[in-house]
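# Breakdown of the fold
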Amino acid sequence: MSTTNHTSLPSGQDLDVASPDWLNKGDNAWQMTSAAMVGLQSVPGLVILYGSMVKKKWAVNSAFMALYAFAAVLLCWVLWAYEMSFGHKMVPIVGKPDAKGTAESYLLGRNELGGYVPTADYVFYQFAFAAITVILLGGSLLGRMNFYAWMMFVPLWTTLSYAVGAHTIWGKGFLTDRIIDYAGGYVIHLSSGVAGLTAAYWVGPRHREDRQHFPPNNIINMLGGAGFLWMGWTGFNGGAPLAANKITSLAVLNTHVCTATSILVWLSLDVAVYLKSSVVGAVQGMMTGLVCITPAAGIVDTWAAIIMGILSGLIPWYTMMVLHKKSAFLQKVDDTLGVFHTHAVAGLLGGLLSGLFAKPDLLVMFYNRDHLGPGFLYGVFNHEFSNGLRQMGFQVLGALFITVWNVVVTSLICIVISRIVPLRMDEDGLEIGDDAAHGEEAYALWGDGERLPIPLRFRMTPKMPSFCTRSVTNR
């Protein structure tokens, strides 16, 4: 009597056309969740944060800059920028532009860069990274940039700057397999901070009164936006392994431990020096902690994450609250939300500390290869001093490349745009704010000293490109 061995999977795990044998449904679900969490950091996270953290008259413009960038980057990403970042190498720093991000056969195939997930997951996850980088950069330009210039800046910078950094360090560029950058300390945060400061230099400062007095218009909403950022970072760092594995769990824990430590250090310094605990300061400390741990989240021990939190609360606080006031250049350049300090300084700090604290066994788990690292500290303890020193050298080299490239390319982009439209709104527009830029205001409150708006049919928009303007007859 013959017997038949049934080896079929549970009904929910059966293979079919939509679930091939290479697809891990658990990893796929986590990756889509992580991508959504990163997207929520921008929309609504930074939309709310920017719209609340600025002066009332700039609330609409600041929030809208974030919303526009999110939409514009997505189209650039699927049409050409994803392949420039992660596709076939064209030159050692960038891939060949291609519209594979719109091709079904490519998107539904297994992600060639690793993991048991469809390529579509990875395309969207990396889009969310690209979008938040540009939006973070925009924090340096709030309160004065001509919106039409911003509309041109976003696709140009995504193409010429972000794609280069991503390809060089994460894709198939000359620094790939040499730099430890777990989830974007260099690719995202150092680049956005440096590019933000550079663009702020070319755009010019806010209106003199705004620069002297620029209070948040809604601190409670600001905290809500900050909360989206903090909790969304679970997906930011948790999605990097492309799997729901041990590295993912460690990265999530380290992310929140470092961030909490950084907030407490920043608040302690505020209280010790200024005798008051600042809510805005707490948000800045939160941001620096999140940024600092990003390049190291899954490849350092939790005790190292605590040390990184202490340093991320201390060093950016010093550069923002002390060094900034002493530097003539930093005083001259109007970085509205201090993006240089919260992202460039904290991102550089995190990248260097990654080279110091990266643990050999965690590096092998994450990168699936043993030639990266070890961190300099483990190199000393494990008699691999030269290897640890070499890794620190690559961390410095990566920082230099990202910094120089962003200064040069961001400057060129701003110069080109300035030949088409003004980078900065005119003085009348700067005095009025949202109503001059968009014909809309954040709050429908009148009688508080604001002047009544000019009817829309009579309003000129002199900052539009010349080929878009039409004559208007005043009546």
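Residues numbered from 1 in each chain as written. Predicted model: local features only at pLDDT ≥ 70, side-chain atom pairs only at ≥ 80, totals over all residues. Heavy atoms only, no water.

### A short note on the overall build of the protein
When helices and strands are tallied, the protein shows 18 helices and two strands. Since a compact globule built from 475 residues should have a radius of gyration of about 23 Å, the 23 Å found for the protein is in line with a globular shape. Evaluated residue by residue, the protein yields a buried proportion of 55% over its 475 residues. A separation threshold of at least 6 residues defines the contact pool for the protein, and within that pool the share at least 24 residues apart is 76%. Element-wise, carbon and sulfur atoms account for 65% of the exposed surface of the protein, whose accessible area totals about 20,600 Å². A gap of 8 Å separates the mean positions of the 30 positive and 30 negative side-chain charges of the protein. (Helix = DSSP H or I, 4+ residues; strand = E, 2+ residues; numbered from the N terminus. Rg over C-alpha atoms; globule rule 2.2 N^0.38 Å. Buried < 20%, exposed > 50% of the residue type's maximum accessible area, 1.4 Å probe, protein only. Contact = heavy atoms within 4.5 Å. Areas by Shrake-Rupley, 256 points an atom, 1.4 Å probe, with all protein chains shown as cover. Lys, Arg positive; Asp, Glu negative; His and termini not counted. Charge placed at Lys NZ, Arg CZ, Asp CG, Glu CD.)

### Topic: helix α8 (residues 219-238)
Helix length check: α8 (20 residues) gives 29 Å between terminal C-alpha atoms against 28 Å at 1.5 Å per residue, within 8%. Taking the largest bend as the criterion, α8 deviates by roughly 35 degrees, centred on Gly232. Taken residue by residue, α8 has Met222, Gly225, Ala226, Leu229, Gly232, Trp233, Thr234, Gly235, Phe236, Asn237 and Gly238 as its buried positions. Buried positions along α8 lie against α1 (25-53), α4 (119-138), α6 (185-203), α9 (246-274) and α10 (279-293). (Expected span 1.5 Å × (residues − 1). Bend = angle between axes of the 7 residues up to and from the residue.)

### Topic: the packing of aromatic side chains
Taken as a whole and assessed by the stated rule, the structure comprises 24 aromatic pairs. Where Trp150 meets Phe153, the ring centres are 5.8 Å apart and the plane angle is 15 degrees; that geometry is what we call stacked. With a gap of three residues between them, Trp150 and Phe153 both fall in helix α5 (residues 147-169), about one helical turn apart. For Phe153, a relative accessible area of 1% puts it in the buried group. Relative to Trp405, the ring of Phe401 lies with its centre 6.1 Å away and its plane at 20 degrees, an arrangement referred to as stacked. Placement of the pair is Phe401 and Trp405 together in helix α16 (residues 385-418), with a separation of four residues, close to one helical turn. (Phe/Tyr/Trp six-rings, centres within 6.5 Å; stacked < 30°, edge-to-face > 60°.)

### Concerning the pattern of salt bridges
Per the stated rule, a full pass over the model turns up seven salt bridges. For Asp334, the salt bridge is made with Arg206, and the minimal N-O distance between the two is 2.8 Å. Linking Asp334 in the loop between α12 (328-332) and α13 (339-357) with Arg206 in the loop between α6 and α7 (208-212), this pair joins segments that are 128 residues apart in sequence. On the accessibility criterion, Asp334 (3% relative accessible area) is buried. (Salt bridge = Lys/Arg side-chain N within 4 Å of Asp/Glu carboxyl O.)

### Details of the UniProt feature "domain: Ammonium transporter AmtB-like" (unreviewed entry) in the protein
Under the UniProt annotation, "domain: Ammonium transporter AmtB-like" (unreviewed entry) lies at residues 29-443. Across residues 29-443, helical content stands at 71% and strand content at 1%; the span's end C-alpha atoms are separated by 40 Å. (UniProt positions renumbered as here; feature names shortened; annotations may be inferred.)

### A short note on unusual backbone geometry
Peptide bonds are mostly trans, and most non-glycine residues show a negative phi. Between Val43 and Pro44 the backbone carries a cis peptide bond, its omega angle lying at 20 degrees. Within the secondary structure, Pro44 is located in helix α1. Omega for the peptide link from Gly373 to Pro374 comes to 0 degrees, which places this bond in the cis form. Residue placement: Pro374 occurs in the loop between α14 (360-367) and α15 (376-381). The phi torsion at Leu242 lies on the positive side, around 60 degrees, for a residue other than glycine. By the element assignment, Leu242 lies in the loop between α8 and α9. Its relative accessible area of 7% is what places Leu242 among the buried residues.

### Quick word on the packing of α5 against α6
At a closest axis distance of 10 Å, the pairing of α5 and α6 adopts a crossing angle of 140 degrees. What the angle tells us is that α5 and α6 run oblique. With respect to the hand of their crossing, α5 and α6 are arranged in right-handed fashion. Residues Phe153, Trp157, Tyr162, Gly165, Ala166 and Ile169 of α5 form the contact with α6, whose own contacting residues are Tyr186, Val187, Ile188, Ser191, Ala195 and Ala199. Within the contact of α5 with α6, the residues separate by chemical class into ten nonpolar, two polar and no charged. (Axes fitted to C-alpha atoms, helices over the stretch in contact; angles between N-to-C directions. Parallel < 35°, antiparallel > 145°, perpendicular 65-115°, else oblique. Left-handed = near helix turned anticlockwise from the far one by under 90°. Nonpolar A, V, L, I, M, F, W, Y, C, P; charged D, E, K, R; others polar.)

### Some words on the side chain of Ser85
One can find Ser85 in helix α2 (residues 59-86). In this structure Ser85 touches Trp77, Ala163, Ala166, His167 and Gly171, once residues within four positions along its chain are discounted.

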